[in-house]
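Summary of the model geometry
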Protein chains: 2
Amino acid sequence: MSWGTALVGCGTVGGGTAGILTGSAKELKKRTGMDFPLLAVVDKDYTHARSLGLEPGILRPDLEEVLADPAVKVVIELAGGTGFAKTVVEKALDAGKHVVTANKALLATYGRELFARARARGLTIGFEASCAGAIPVVRTLAEDLVANRILGLAGIVNGTCNSILTDMGSSGLDYTAALKKAQQLGFAEADPFLDVSGTDSAHKLALLSAVAFGIWVDWKEIPLRGLEVVRTDDLAAAATKNARIKLLARAEAVAGGYRMSVEPSVIPLPQPLAALEGPFNGITVQGSETGLLYFQGRGAGARPTASAIVGDLAALAAGTSASTQKDYSCWPDKAVPTKPLADSESRGPWFVHGNGKAAEVVQGPTRAELEALGLRVFPWYEPKE
Amino acid sequence: MSWGTALVGCGTVGGGTAGILTGSAKELKKRTGMDFPLLAVVDKDYTHARSLGLEPGILRPDLEEVLADPAVKVVIELAGGTGFAKTVVEKALDAGKHVVTANKALLATYGRELFARARARGLTIGFEASCAGAIPVVRTLAEDLVANRILGLAGIVNGTCNSILTDMGSSGLDYTAALKKAQQLGFAEADPFLDVSGTDSAHKLALLSAVAFGIWVDWKEIPLRGLEVVRTDDLAAAATKNARIKLLARAEAVAGGYRMSVEPSVIPLPQPLAALEGPFNGITVQGSETGLLYFQGRGAGARPTASAIVGDLAALAAGTSASTQKDYSCWPDKAVPTKPLADSESRGPWFVHGNGKAAEVVQGPTRAELEALGLRVFPWYEPKE
């Protein structure tokens, strides 16, 4: 069976995907019994695509022409953003093409309508690559853990932020200086807002919460604090408790609803999330039957993300994804619109320090009550079995 | 759609599985759109089954009668061992039933013929629960990582051994005393041979290697050293290098073939496998595209194992497992019979100590050459990105 594929957007991840589809075609055929010929690369600018040595005939700039090609069965959307990318996905679905995407901003914003559109047309949207790169956490939550109520999930899902925090901890640089260094070294974008503000993590948390809990949360309603709140004395205070500060995206089923947040949080060693340094992702999942699970790997980069994209491509081709064409309730269009509980009601546990007091972990007061005492306050995350 | 299920063997894991199928039936229906009624529990002794409060009518001791029931679509084999369990699986397949099993000994020994039998009949054998319990490593290797050549995998896949080694490290007890304590506390079996010898880990490594590398290795040919080789001074020497000794099941693609072993190995912190304490499993997978991935969770126990069993059950019912009915080449009957490379040719890296020398890591000599110097020798495992 041949699954002709079109790539829209050929930047870093697009290049990695094209590299696997062309360079590993034989191995893919051997492993899956299927062919995935790359029939088209649609882009505004072919400088990068040309540098990859792709066959010139597949550089087809006319999206409409590509979507009208009956040999194209799947469109891989890697244009990014929520404007043109949305049009690409809509047009691809309307043309009867399955979609694979790594675009968390798009799905966190328009996931419900796009999934409904796919379902109505008997098509699939694969988005494993959108959350935690090479880690198959979407599939795991959607299918492998189907016997569980998910009680909570928490993850370091932005490698740029984790790199900056790791560097602040080891170098003693403050946030502004560490960010500047990361930009100079190419680890952080020229405009780092989506990463360092926690927005990218909130997009991923909204998507993962749909799959895990069957709830649909407007990502803008997830309480968000970015890296800018972290001071070097916070890192030092955490270290006195043998703990680390990480930008943690977290959702928990609690009495009365779901508590969600993206914010710098204090995690004690030897929790693997505390030990995770550099540009990696790590996710804990608490299942009602499994207990605590933990997954770690590369959350970004050309080849790790492309691995997830090609995994999705093979799954939808083989019919082995619990897609919109099965009766699974885990997808955005079936998730129940839900508001996260008010952040202000959380009673910890909190990591606090400052105002002449040694660092400690407290439970009971609200954040506002602690801040009124002049304390620095961060959530304390220590999952229990 | 209704997927009538029969359990054969109702011990610890069988009880956990029955508990999920009866107690979480509504949630399963909601998540998957399917019903999985538990129609039969086959056992020699119903003491445990009765203690679970199962409906008496489903306690059906006559296997032949259960297999003749057209409402039974899936047989969950939890009898254990390679004798009666093999008969159960063969008869179930011959009667047209899909099979889910947690039995690594059975599949590592007879996997090729049982998978061929399933394939010939258009049926599926699910075995996620047989390797690393709640961690979905079979699915991940078979499907999510399909874009990768797997370069290596290594895991702590026996929680009993990890508990004993953790206790030896913290209590200073020697192996014999720690084993006795684990037996008294119920963490180790009265006959602990399968666990502590590494045999159980070798079964799992043989199965995981089939899925990861497409090779079929006779588990008896995997070089095996058990916990009995570990002395308290080995643990202390490892600690001087900030490292831990773990029973590691390991397979690597190297020039000329595959190097495989199950043996106590030295792993430096902060590697998560080194930090893993107590009755847990952890697995690293090195993919050609993903780089290093790591998964951690409960590898045994009633509910964690049952979670994997019910995940398999749902996947085969939904048709979303890359089963023998798809053209995937990752299953035992399609794997290529392969002998692991001779252990004696490995040139490390090794962790060595003893004979008046400080502990160090060396590469180049063979194990025999180092042992001839009167040194204690263990493999050193430190996966690199």
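As a reminder, the structure under discussion sits directly above these lines.
Keep in mind it's a predicted model, so treat the numbers as computed, not measured.

1. Focus on the pairing of strand β6 (residues 150–156) of chain A
Consecutive residues of a regular strand have side chains that alternate between opposite faces of the sheet. Residues and elements named next belong to chain A. With 6 of its 7 residues buried, β6 lies for the most part within the structure. Bridging between β6 and strand β10 (residues 280–287) involves 6 bridges; their strand directions are antiparallel. Each residue of the ladder has a partner; that of I150, found in β10, is G287. Relative to strand β8 (residues 243–254), β6 runs antiparallel, the two being bridged by 4 bridges. Within β8, the residue paired with A154 across the bridge is R250.

2. What about the packing of helix α8 (residues 159–171) of chain B against helix α9 (residues 175–184) of chain B?
Residues and elements named next belong to chain B. Viewed as axis vectors pointing N to C, α8 and α9 meet at an angle of 120 degrees, and their least axial separation amounts to 9 Å. By the angle between their directions, the pair α8 and α9 is classed as oblique. The two elements α8 and α9 meet at a crossing, and its hand is right-handed. Across from I164, D167 and M168 in α8, the residues of α9 making contact are Y175, A178, L179, K181 and A182. For the contact of α8 with α9, the per-class residue count stands at 6 nonpolar, no polar and 2 charged.

3. Examining the pattern of salt bridges
Residues and elements named next belong to chain A. Overall, the coordinates contain 48 salt bridges over all chains when judged by the stated rule. Close ionic contact of R139 with E143 constitutes a salt bridge, the shortest N to O distance being 3.2 Å. One end of the pair is R139 and the other is E143, both in helix α7 (residues 137–144) and 4 residues apart, which spans about a single turn. For the pair R139 and E143, a shared accessibility class is recorded, and that class is buried.

4. Overview of the relation of the copies chain A and chain B
Structural alignment of chain A on chain B gives an RMSD of 0.0 Å, achieved by rotating through 180 degrees and translating 0.0 Å along the axis. Here the two chains are linked by the operation of a two-fold rotation axis. In terms of proximity to the rotation axis, the leading residue of chain A is T320(A), whose C-alpha is 1.8 Å off the axis. The share of interface residues of chain A whose copies in chain B are also at the interface is 100%, consistent with both copies meeting through the same surface.

5. Observations concerning the interface of chain A and chain B
Chain A puts 47 residues into the contact, and the matching count from chain B is 47 residues. Interface area lost by chain A to chain B is led by R31(A), V146(A) and E289(A), which between them contribute 16%. Connecting chain A to chain B are 6 salt bridges. For R303(A), the salt bridge is made with E289(B), and the minimal N-O distance between the two is 2.7 Å.

6. Quick notes on the sheet that holds strand β5 (residues 125–126) of chain A
All names here are of chain A. Read across the sheet, 5 strands follow the order β2-β1-β3-β4-β5 without closing on themselves; strand pairing throughout is parallel. Looking at which strands have only one partner, the edges of the open sheet turn out to be β2 (38–42) and β5. As defined by bridge partners, strand β3 (residues 72–77) adjoins strand β4 (residues 98–101) across 4 bridges and the pair is classed as parallel. Looking at the pairing, V74 lines up with H98 of β4.

7. Quick notes on the nonpolar core
Counting 240 residues, the largest nonpolar core has L141(A), W331(A), V41(B), L141(B) and W331(B) as the members making the most contacts within it. Excluding residues within four positions of it along the chain, L141(A) makes contact with I150(A), L153(A), L208(A), V211(A), A212(A) and V285(A).

8. Some remarks on the packing of aromatic side chains
Under the counting rule described, the total for this entry stands at 12 aromatic pairs over all chains. Taking 5.6 Å as the distance between ring centres and 85 degrees as the angle between the ring planes, the aromatic pair formed by F115(A) and F127(A) counts as edge-to-face. Here F127(A) lies in the loop between β5 and α7 and F115(A) lies in helix α6 (residues 104–120), a separation of 12 residues in the sequence. We note that F115(A), like F127(A), is buried. Judged by centre distance (5.0 Å) and plane angle (55 degrees), the ring pair of F213(B) and Y258(B) falls under tilted. Here the residue F213(B) occupies a position in helix α11 (residues 199–213), and Y258(B) occupies one in strand β9 (residues 257–268), the gap between them amounting to 45 residues. Residue classification places F213(B) among the buried residues on the basis of a relative accessible area of 12%. One aromatic cluster is present, formed by F115(A), F127(A) and W331(A) through successive ring pairs. Positioned above the aromatic ring of Y110(A), the side-chain terminus of K86(A) is 4.3 Å from the ring centre.

The rules behind each value
- Residues numbered from 1 in each chain as written.
- Chains lettered and ligands numbered in written order.
- Predicted model: local features only at pLDDT ≥ 70, side-chain atom pairs only at ≥ 80, totals over all residues.
- Heavy atoms only, no water.
- Buried < 20%, exposed > 50% of the residue type's maximum accessible area, 1.4 Å probe, protein only.
- Helix = DSSP H or I, 4+ residues; strand = E, 2+ residues; numbered from the N terminus.
- Pairing = 2+ DSSP bridges.
- Axes fitted to C-alpha atoms, helices over the stretch in contact; angles between N-to-C directions.
- Parallel < 35°, antiparallel > 145°, perpendicular 65-115°, else oblique.
- Left-handed = near helix turned anticlockwise from the far one by under 90°.
- Contact = heavy atoms within 4.5 Å.
- Nonpolar A, V, L, I, M, F, W, Y, C, P; charged D, E, K, R; others polar.
- Salt bridge = Lys/Arg side-chain N within 4 Å of Asp/Glu carboxyl O.
- Least-squares fit on C-alpha atoms with pLDDT ≥ 70 in both.
- Buried area = accessible area lost by both parts, 1.4 Å probe.
- Core = buried A, V, L, I, M, F, W, Y, C linked by side-chain atoms within 4.5 Å.
- Phe/Tyr/Trp six-rings, centres within 6.5 Å; stacked < 30°, edge-to-face > 60°.
- Lys NZ or Arg CZ within 6 Å of the ring centre and 35° of its normal.

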